[in-house]
Amino acid sequence: MKDAHGRTIDYLRLSLTDRCNFRCIYCMPADGVTQMSHDDILRIEEIEELVRIAAGLGIKNVRLTGGEPLVRKGVVGLVRSICAMPGIENVSMTTNGVLLPQMVDDLKAAGLSRVNISLDTLDAEQFRMVTRCGNLDDALAGIDAALAAGLNPVKVNAVTVKSLDQEFLAFARLSIDRPLHVRFIEYMPVGDSAGVDGCGWGKKDVIPSEELFDLINERAAAAGLPALVPAGGSKPVGWGPARYFQFPGAQGTVGFISPLSRHFCSECNRLRMTADGKIRPCLFSDEEFDVRAALRDGGEEAVRAVLREALGAKPDEHHDKVGTERGMSQIGG
């Protein structure tokens, strides 16, 4: 599929649920978001139908997100079904990792090819503060389980926030001894996280990726480590806009994703679907297209029409717009 700006759109991010076993301060209020009703959430068979139709239009890569996708009942069967669909080449998942030790073998057997694990701090006390209820050891066990199961690549996504004063070199060093791909993502004030609720972080907390790259190299030099160099053929497969580097001889890589300081809109290849069946052409826009109604009342051609309409509405870029009415747990990170 091509959008109005000539970009090939072959990547669909599907939020399976707005529910999560964490309450991260930049994602949702302490009491959680007002949960969608059972009827509002797309049923598993509706998600399967949507992917089948989207694959017929050219979608090749699917990522399952949440909330926390592993709390959605039937997720293993959904992975198996999507992986078997003609036209689908890869199915991946973004998760906080806590449930991976119990589920990863079944997910791998079902066809899950890769996983991104969200982890914003390596300090146990800070981890509990950010997640409001999480245990760092559980998240680290999820990373271990993903590697042991043979998922490839295993990526660790760390949102960089000036107020947190994270230990970025410690994160980067995770890539040296194991095939982990650590990616630093510029903090994006989206939804309630834009200061209305929760953490109160804002634009002042954005750390531009170029600044962070220099900072990691400075700290590496002080620790007797070589500077990061371009990853070249070592960079992991994927469909996103990260720029990858590595320490010489490292098994993994260090990536930088720069949605604010270095717009990659010209490379955008995705559509997003919320758990309640709304297609979003752009993360930073509140424009949505109702595919749930088409799935329930309109049939295949109605679904195709919604997807084509959303495709045609993709903007050329987000023009420095930050923040939407929905939080990330509702949009699907």
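As a convention, each chain's residues are numbered from 1 in the sequence order in which they are written. Under the rules for a predicted model, residues below a pLDDT of 70 receive no local features and side-chain atom pairs below 80 are neither given nor counted, while totals for whole chains, interfaces and linings still include all residues. With hydrogens and water excluded, all non-hydrogen atoms of the structure serve as input to the side-chain values.

Chemist: Any chance you could explain the side chain of D3 here in plain terms?
Modeler: Think of it this way: any DSSP run of H or I at least four residues long counts as a helix, any run of E at least two long counts as a strand, and we number them from the N terminus. Among the structural elements, D3 can be located in the segment before β1 (11-15). Burial here depends on accessible area, computed with a 1.4 Å probe over protein chains only, as a share of the maximum for the residue type. Under 20% is buried, over 50% is exposed, and the range in between is partly exposed. Judged by relative accessible area, D3 falls into the buried class, the value being 8%. A polar atom in the side chain of D3 sits 3.0 Å from the backbone nitrogen of G6. Within the structure, the side chain of D3 is placed 2.7 Å from the side chain of R7, a separation counted as a polar contact. Apart from the residues lying within four places of it in its own chain, the contact partners of D3 are I9, L311 and K314. Here a polar contact is taken to be a pair of N or O atoms separated by no more than 3.5 Å, where protein atoms must pair a possible hydrogen donor with a possible acceptor and residues adjacent in sequence count only if both atoms sit in side chains. Residues count as neighbours in contact if any of their non-hydrogen atoms are within 4.5 Å of one another.

Chemist: What is the right way to look at the pattern of salt bridges in this model?
Modeler: When the charged atoms of two side chains lie near each other, side chains of opposite charge can form a pair. One speaks of a salt bridge when a side-chain nitrogen belonging to Lys or Arg is within 4 Å of a carboxyl oxygen belonging to Asp or Glu. This model, assessed by the stated rule, comprises 17 salt bridges. The salt bridge partner of E46 is R296, with a shortest N-O separation of 2.8 Å. You can see E46 sitting in helix α1 (residues 44-57) and its partner R296 sitting in helix α8 (residues 291-298), a full 250 residues away along the chain. Judged by its relative accessible area of 5%, E46 falls in the buried class. In this structure, the salt-bridge partner of E301 is R304, at a minimum N-O distance of 3.3 Å.

Chemist: Before we go on, may I ask you to explain the sheet that holds strand β12 (residues 289-290) in this structure?
Modeler: Hydrogen bonding along the main chain pairs the strands of a sheet, whether they run parallel or antiparallel. Across the sheet, which stays open at both edges, the 12 strands sit in the order β7-β8-β9-β6-β5-β4-β3-β2-β1-β10-β11-β12 with mixed pairing between neighbours. Only two strands of the sheet have a single neighbouring strand rather than two, namely β7 (229-230) and β12. Of the pairings in the sheet, the one linking strand β5 (residues 154-160) to strand β6 (residues 180-186) comprises 7 bridges and is parallel in character. Considered in β6, the bridge of N157 is made with R183. Of the strands in this sheet, β2 (61-65) and β3 (90-95) touch helix α2 (residues 75-83), which is tilted by about 150 degrees from β3. Pairs of strands are assigned from DSSP output, requiring at least two bridges between the strands. Every axis corresponds to a line fitted to the C-alpha atoms, with the helix fit spanning only the stretch in contact, and the corresponding angles, defined between N-to-C directions, vary from 0 to 180 degrees.

Chemist: It is not clear to me how the layout of surface pockets should be interpreted in this structure. Could you clarify?
Modeler: Empty pockets left among the atoms are what a rolling probe the size of a water molecule brings to light. In this structure, the largest pocket spans a volume of roughly 240 Å³. In terms of residue class, the lining of the largest pocket is made up of 5 nonpolar, 3 polar and 5 charged. A 1.4 Å probe that fits into a set of points on a 1 Å grid over the protein atoms alone but cannot get out defines a cavity; an open set with protein on both sides within 12 Å along at least five of seven lines defines a pocket, and lining residues are those with an atom within 4 Å of a point. Grid points are joined across faces, edges and corners, and a volume is the space filled by probe spheres set on the points. Residue type decides the class: Asp, Glu, Lys and Arg count as charged, Ala, Val, Leu, Ile, Met, Phe, Trp, Tyr, Cys and Pro as nonpolar, and the leftover types, Gly among them, as polar.

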